[in-house]
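Working through the structure, step by step
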Amino acid sequence: MPNGREVAVVTGSSSGIGFETSLTLARNGFYTYATMRKLENGSQQMTDTAKNENLPLQVIPLDVNNDKSVIDAINRIVKEKDRIDVVVNNAGYALVGAFEETSMDEIKTQFETNFFGAIRVMQAVIPLMRKQRSGKIANITSMGGRIAIPFDSIYHGTKFALEGLSESIQYELGPFGIKIILIEPGAVGSNFWKNLKMATKTSGPGKNSPYEKLANNMSEALKQMVKNTIHPSEVAKVILQAVTSASPDFRYVVGKDAATILEARRNMSDREFQSLLKRQFNL
Ligand SMILES: NC(=O)c1ccc[n+]([C@@H]2O[C@H](COP(=O)([O-])OP(=O)(O)OC[C@H]3O[C@@H](n4cnc5c(N)ncnc54)[C@H](OP(=O)(O)O)[C@@H]3O)[C@@H](O)[C@H]2O)c1
């Protein structure tokens, strides 16, 4: 376990998984930088909790969409602590809607946060970790980084992309003592559901869209998913376990739903799995 000198950085700490992970890492001996793009969103609650529990944690601004914001935050941490041991690339949201009805701007913005955001942070910290010859980077993807459901194509695109990139760079970085870890949660009860962005052109009720039936089916499926979520602290526990392991696995699946569906995927042909999802979503 860390002794208070090891430094962790978490993106998207204002709520949900990032909020819980920042506190969990600080409670377990990491000097933790809980970063947020808008400090007004969650910093007070985080700072109050840290103060009450006397945790080694500070909140600093970091918007993963912005080069300067990422560089400024990492430079500040290096200036203050001269090391970074753990990075959790957590910031993200989901864009939903029929692919045909999603605009290029919405697609680019989704990639900007979920994919390029994680890349920005990794490129900012890897030179330091390489010099340290140690470091762990946990990328929060999703079970949706390995299987895909309809109406979520661009979100899946970002998460599949981050999985592929992570798999490739772990070969490059391993020799320098840098471990890349994927965290793949199923449905988690966080602001994620409230923050879902609906593609603006997409079919809503009464819009006479060719995708209206699908939209209604997916909206029903979503209601079921939201009923069966795990608490974000469950994901934080797994992240802690992964980043404190001397020899972490590459993938950590979190939640029974994710474990069940990924197991089914492993044991089925493409055709069988697609039939299962079609039945599931009444397609
Ligand atoms: N909840 C789930 O079911 C689930 C399942 C699998 C994977 N995940 C993944 O888990 C991660 C965390 O999601 P969550 O469930 O904890 O949702 P959440 O409660 O909505 O938290 C998302 C966090 O990302 C931040 N964020 C968004 N854009 C950002 C940017 N440009 N720069 C910095 N921070 C930004 C949000 O900040 P603001 O407060 O400023 O918006 C918020 O702190 C996401 O990558 C998500 O894809 C979630």
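What this report covers is the structure whose coordinates are included nearby. Remember, predicted model here, so these are calculated numbers, not experimental data.

Glancing now at the packing of aromatic side chains. The description of two aromatic rings rests on the distance between their centres and on the angle between their planes. Scanning the entire structure with this criterion turns up five aromatic pairs. Both rings, one in Phe115 and one in Phe116, keep their centres 5.4 Å apart while their planes meet at 55°; by these two values the pair is tilted. In this structure Phe116 comes out as partly exposed when scored by relative accessible area, which is 37%. Taken together, the aromatic side chains of Phe111, Phe115 and Phe116 make up a single cluster linked through ring pairs. Just above the ring of Tyr31 sits the side chain of Lys81; from NZ or CZ to the centre is 3.8 Å. Across from the ring centre of Phe176, 5.9 Å away, lies the NZ or CZ of Arg130, which sits over that ring.

Taken in spatial order, the seven strands make up an open sheet running β3-β2-β1-β4-β6-β7-β9, and their pairing is parallel. Two strands in the sheet have a free side with no partner beyond their single neighbour: β3 (57-61) and β9 (251-254). For this sheet the average axis-to-axis angle between neighbouring strands, irrespective of direction, equals 20°. As judged from the four bridges shared by strand β7 (residues 178-185) and β9, these two strands associate in the parallel manner. Bridging from a neighbouring strand, Pro185 pairs with Val254 of β9. Set on the sheet, helix α5 (residues 153-173) makes contact with β6 (135-140), β7 and β9; between it and β7 the angle comes to about 155°.

Turning our eyes to something else, we now look at the packing of helix α8 (residues 256-267) against helix α9 (residues 270-280). To characterise two packed helices, one gives the angle between the axes of the helices and the distance between these axes. As a packed pair, α8 and α9 sit with axes 8 Å apart at the nearest point and diverge in direction by 140°. Residues Ile261, Ala264, Arg265 and Asn267 of α8 lie in contact with α9, whose contacting residues are Asp270, Glu272, Phe273 and Leu277. In terms of residue class, the contact of α8 with α9 is made up of four nonpolar, one polar and three charged.

Conventions used here
- Throughout this description, residue numbers start from 1 for each chain and increase along the sequence as written.
- Residues qualify for local features only when their pLDDT is at least 70, as the model is predicted, and side-chain atom pairs are given and counted only at 80 or more; totals for whole chains, interfaces and linings, by contrast, use all residues.
- Side-chain numbers here rest on the full set of heavy atoms in the structure, without hydrogens or water.
- Two rings belonging to Phe, Tyr or Trp (six-membered ring only in the last case) form a pair when the distance between their centres is within 6.5 Å. Interplanar angles under 30 degrees mark stacking, angles over 60 mark edge-to-face geometry, and anything in between is tilted.
- The buried label applies to any residue whose accessible area, calculated with a 1.4 Å probe on protein chains only, is under 20% of its type's maximum; exposed applies above 50%, and partly exposed to all values in between.
- The criterion is that NZ of a Lys, or CZ of an Arg, lies within 6 Å of the ring centre and within 35 degrees of the ring normal, and then a charge sits over that ring.
- Here, any two strands with at least 2 DSSP bridges between them count as paired.
- Helix and strand definitions follow DSSP, with helices as H or I runs of at least four residues and strands as E runs of at least two, each counted in order from the N terminus.
- Convention adopted: a line fitted to C-alpha atoms gives each axis, helices being fitted over their contacting stretch, and angles between N-to-C directions are expressed from 0 to 180 degrees.
- When checking whether two residues touch, look at their non-hydrogen atoms; a contact exists if any pair is within 4.5 Å.
- When residues are grouped by polarity, Ala, Val, Leu, Ile, Met, Phe, Trp, Tyr, Cys and Pro land in nonpolar, Asp, Glu, Lys and Arg in charged, and all others, Gly among them, in polar.

Read these as spatial facts, not as claims about activity.
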